[in-house]
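For reference, the chains in residue letters:
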Amino acid sequence: MPEIDVTKELTEDLLADFEEQVDDIYIQLGFTNETLNKIGKQLETIVDKLAES
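Residues numbered from 1 in each chain as written. Predicted model: local features only at pLDDT ≥ 70, side-chain atom pairs only at ≥ 80, totals over all residues. Heavy atoms only, no water.

Caption draft 1: Quick look at the overall build of the protein. Helices and strands together make up the secondary structure of the protein, namely 2 helices and 0 strands. What you see for the protein is a C-alpha radius of gyration of 13 Å, clearly larger than the 10 Å of a compact globule of 53 residues, by over 25%. With the principal axes as the frame, the protein shows a C-alpha extent of 40 × 30 × 20 Å. Counting every position in the protein, which comprises 53 residues, the buried fraction comes to 6%. A total of about 4900 Å² of accessible surface is found on the protein, and carbon and sulfur atoms cover 58% of it. (Helix = DSSP H or I, 4+ residues; strand = E, 2+ residues; numbered from the N terminus. Rg over C-alpha atoms; globule rule 2.2 N^0.38 Å. Buried < 20%, exposed > 50% of the residue type's maximum accessible area, 1.4 Å probe, protein only. Areas by Shrake-Rupley, 256 points an atom, 1.4 Å probe, with all protein chains shown as cover.)

Quick look at the structure:
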């Protein structure tokens, strides 16, 4: 189980803070930044299609 750093100070951009925590978890699970970028690109396509419907 990945460890979440709950001591990090939050910024005014809570969504960015959340995304950073998710990235940290994926990295702890062994994903590389390259893999995370590929996943992000795929998710963008899915979200765009959902927004259109």
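The structure having been displayed, the exposition proceeds.
Caption draft 2: Local environment of helix α2 (residues 33–52). Taking 1.5 Å of rise per residue, the 20 residues of α2 would be expected to cover 28 Å, and the 29 Å separating its terminal C-alpha atoms lies within 8% of that figure. Buried residues are scarce in α2, accounting for 1 of its 20 residues. (Expected span 1.5 Å × (residues − 1).)

Distances and angles like these do not, on their own, reveal function.
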